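# Remarks on the overall topology
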Amino acid sequence: MVYISTRGGASAGAAEAVLRGIAADGGLFVDPMLAQEPFDWQHCLTLDALGIQTMLLKHLLPDIDGMDGLCRRAYDGKFETDELTPLVRVGEDYVLELFRGPTSAFKDVALSMLPQLVTAARTQRGERGECVVLTATSGDTGKAALEGFHDVPGTRIFVFYPHGGVSAIQRAQMVTQEGKNVTVCAVRGNFDDCQTGVKKAFAALAGDEELLCRGLSLSSANSINIGRLAPQLGYYFIAYAALLREGRIALGDKVDYVVPTGNFGDILAGWMAKRLGLPVGRLVCASNANRVLTDFFETGVYDRRRDFYRTDSPSMDILVSSNLERLLFYVSDGDCALVRSCMEQLAREGFYRFPEELMEKLRAEFSAYCCTDAEGAETIGALWREEGYLCDPHTAVAVRAAQDYRRERPGDVPLVILSTASPYKFPGAVLGAIGGRAEGDEYAQMDALASLTGVPVPRRLAALREKDVLHRDVIGIDEMIPYIKTKLSEALS
Ligand SMILES: *Cc1c(COP(=O)(O)O)cnc(C)c1O
């Protein structure tokens, strides 16, 4: 199998694609034959969660050896349940809890795996120098990546997060991270600035003589990395298998999935699962007040020239959803020239218009909705009162979208709502939404939320308050590249 760049200027095997993260021409690696290679999806559904992950990763990343062992090391004992992502019935619908991993965010599903893939790929390709993993985070990727990569031999990890743009708990999770190979730094800007900075750093450092001499290579823990995206197909299968076991559906019945969306990685994984044969019905893209994707599906114009809002669902505060580029590639049957010109126009002018006939193809598979913080809070409150289910502000955006979707398209296709974070990562917002008083610091709020609801606090979040702050750097957007260089020289000298 050969991965190629969405912009047509590069190709690589799966192992190399995982190590490079992003293609040299700025595009993202995709498997152009995704829908053509035979995949026994029916057999996949008979396996347990670990088996599903293993089978999918062998298929998607065929030239990485020893996948059984890699998957076992990634997941065994790290999640709260062996199902990895339990499916919970809530009213008429289902919530797929993706946040039962070590950092209480859905990013754990992929970032528990990625270090295993990187390490295996390095060994296989005989790369001896360190692999430097550059990561931009809107809150959750950072901690999940730190958790996965800290003290992994042969790797070094940098995490950049927006200063003041993540929740207090998310920040505490990152700035208390231990490990000899980790750097955590706040950037005066938003997530898009961090992400753009990382992409620029790739371009600037890829040809850096000094780094090359020391044998360093760069990779990414963001969902632009195919090694980050590939492990995310699994839970679409895991949910479907659970519905089959429960007798809610028969094999082949369609299931709709509602996905709280930021960078478009999570929902794209669902679309890829469908391409492998899984009977996915519609994919519902749920956004917060940063409704750039809702507008895109409606109008065909992707336009980031708009106000950026800091919301109660910070991990979705994104105006440039990188993984949409992969979808544009696939839906245009691999028209790299079209993708390249759209992405260049986006970088240059801040918008592009996607051809209407292709938009129609997208609208046949996707629906899109958005809601405000106030609507999200109302949803958290109503869900708690009516169903006794406590959800976080990101999940609330999806629950709200599910309601809008049901109203617009009534039917009895089961709806699976992806839940992406523990409510305890955002205790103030959740407490306020269910009628509690959000007083004191975030730890006091966690306690208050627990005593009001009886929902247990994840052990590792509760333990944060005892930990020392180890990372205090704050830099400007333009300082990212010199900062990385300085830190690398320090580490290597
Ligand atoms: C990252 C994240 C999302 C968005 O996922 P994408 O793959 O970026 O679309 C949603 N909710 C939470 C809690 C997240 O951490």
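### Quick word on the pairing of strand β4 (residues 87–90)
Sheet topology places β4 next to strand β5 (residues 93–97); 4 bridges connect them, and they run antiparallel. Within the sheet, the bridge partner assigned to Leu87 lies in β5 and is Leu96.

### What about the sheet that holds strand β9 (residues 217–220)?
Taken in spatial order, the 5 strands make up an open sheet running β9-β6-β7-β8-β16, and their pairing is parallel. Both outer strands of the open sheet, β9 and β16 (474–476), are each paired with one neighbouring strand and no more. Neighbour-to-neighbour, the strand axes of the sheet open up by a mean angle of 30 degrees, direction not taken into account. Across 6 bridges, strand β7 (residues 155–162) lies against strand β8 (residues 182–188) in parallel orientation. Bridging from a neighbouring strand, Pro162 pairs with Val187 of β8. Helix-sheet contacts for helix α9 (residues 191–206) involve β6 (131–136), β7, β8 and β9, and the interaxial angle to β6 is about 155 degrees.

### Some points on the environment of Thr103
Turning to its location among the elements, Thr103 is positioned in the loop between β5 and α5 (107–111). According to the relative accessible area criterion, Thr103 is buried, its value standing at 1%. In this structure, the C-alpha to C-alpha distance between Thr103 and Asp151, residues 48 residues apart in sequence, is 17 Å. Those residues within four positions of Thr103 in sequence are excluded, and the remaining contacts are Asp108, Lys143, Ala144, Glu147, Gln173 and Lys425.

### Points about the site of the ligand
In the vicinity of the ligand, 15 residues are found, and the nearest of them are Lys107, Asp140, Gly262, Asn263 and Thr420. Between the ligand and Gly262, the relevant distance is 2.8 Å, taken from an oxygen atom to a main-chain nitrogen or oxygen of the residue. Asp266 places a main-chain nitrogen or oxygen 2.8 Å from an oxygen atom of the ligand. Coverage of the ligand by the protein chains reaches 98% of its 380 Å² of free accessible surface.

### Concerning the packing of helix α14 (residues 292–299) against helix α17 (residues 356–363)
Between α14 and α17, whose axes approach to 8 Å, the crossing angle comes to 115 degrees. Facing α14, whose interface residues are Phe296, Phe297, Glu298 and Thr299, α17 presents Met359, Leu362 and Arg363. Taken together, the residues of the contact of α14 with α17 break down into 4 nonpolar, 1 polar and 2 charged.

### Quick notes on the packing of aromatic side chains
Going through the model one piece at a time under the given rule, you end up with 17 aromatic pairs. Measuring from ring centre to ring centre gives 6.0 Å for Phe264 and Phe366, while their planes differ by 35 degrees; the resulting arrangement is tilted. Of this pair, Phe264 sits in the loop between β10 (255–260) and α13 (265–275) while Phe366 sits in strand β14 (residues 366–370); the two residues are 102 residues apart in sequence, bridging distant segments of the chain. For the pair formed by Phe264 and Phe366, the shared burial category is buried. Aromatic side chains Phe329 and Tyr330 sit 5.4 Å apart centroid to centroid with 80 degrees between the ring planes, which places their arrangement in the edge-to-face category. When its relative accessible area of 3% is taken as the criterion, Phe329 is described as buried. Chaining the aromatic ring pairs together yields one cluster made of Phe264, Phe296, Phe297, Tyr302, Tyr352, Phe354 and Phe366. The ring of Trp271 carries the charged tip of Arg275 above its face, separated from the ring centre by 4.1 Å.

### Observations regarding the sheet that holds strand β1 (residues 3–5)
Taken in spatial order, the 3 strands of this open sheet run β2-β1-β3, and their pairing is antiparallel. The strands lining the two open edges of the sheet, one partner per strand, are β2 (11–12) and β3 (29–30). Looking at chain direction, β1 and β3 are connected through 2 bridges and run antiparallel. By the bridge assignment for β3, Ile4 is matched with Val30.

### Section: the pattern of salt bridges
Here the idea is simple: oppositely charged side chains can pair when their charged atoms come close. Following the criterion strictly, the structure yields 28 salt bridges and no others. Here Arg100 makes a salt bridge to Glu97, at a shortest N to O gap of 2.8 Å. The closest approach of N and O atoms between Asp303 and Arg305, which form a salt bridge, is 2.9 Å. One network of salt bridges, with partners in common, ties together Glu16, Arg20, Arg125 and Glu127.

About the cut-offs
Every chain begins its residue count from 1, and numbering advances along the sequence as written. Residues qualify for local features only when their pLDDT is at least 70, as the model is predicted, and side-chain atom pairs are given and counted only at 80 or more; totals for whole chains, interfaces and linings, by contrast, use all residues. In computing side-chain values, all of the structure's heavy atoms are included and hydrogens and water are not. A pair of strands is considered paired only if DSSP assigns at least 2 bridges between the two. The numbering of helices and of strands both runs from the N terminus, where a helix is a DSSP run of H or I of at least 4 residues and a strand a run of E of at least 2. Note on definitions: angles span 0 to 180 degrees between N-to-C directions of axes, and those axes are lines fitted to C-alpha atoms, for helices only across the stretch in contact. Working rule for contacts: check all heavy atoms of both residues, and any pair within 4.5 Å makes them a contact. Throughout this description, buried means an accessible area under 20% of the type-specific maximum (1.4 Å probe, protein chains only), exposed means over 50%, and partly exposed covers the range between. Summary of the distance rule: residues count as near a molecule or strand when at least one heavy atom falls within 4 Å of that molecule or strand. N or O atoms closer than or at 3.5 Å make up a polar contact, with two conditions inside protein: a donor-capable atom paired with an acceptor-capable one, and, for residues adjacent in sequence, both atoms drawn from side chains. Computed with the Shrake-Rupley method and a 1.4 Å probe, the accessible areas treat only the protein chains shown as cover for residues. Each residue is assigned to one of three groups, with Ala, Val, Leu, Ile, Met, Phe, Trp, Tyr, Cys and Pro labelled nonpolar, Asp, Glu, Lys and Arg labelled charged, and all others, Gly among them, labelled polar. Aromatic contacts are taken between Phe, Tyr and Trp rings whose centres are within 6.5 Å, Trp giving its six-membered ring; a plane angle under 30 degrees counts as stacked, one over 60 as edge-to-face, and the others as tilted. A ring is scored as having a charge over it whenever the NZ atom of a lysine or the CZ atom of an arginine sits within 6 Å of its centre and within 35 degrees of its normal. Salt bridges are counted wherever a side-chain nitrogen of Lys or Arg sits within 4 Å of a carboxyl oxygen of Asp or Glu.

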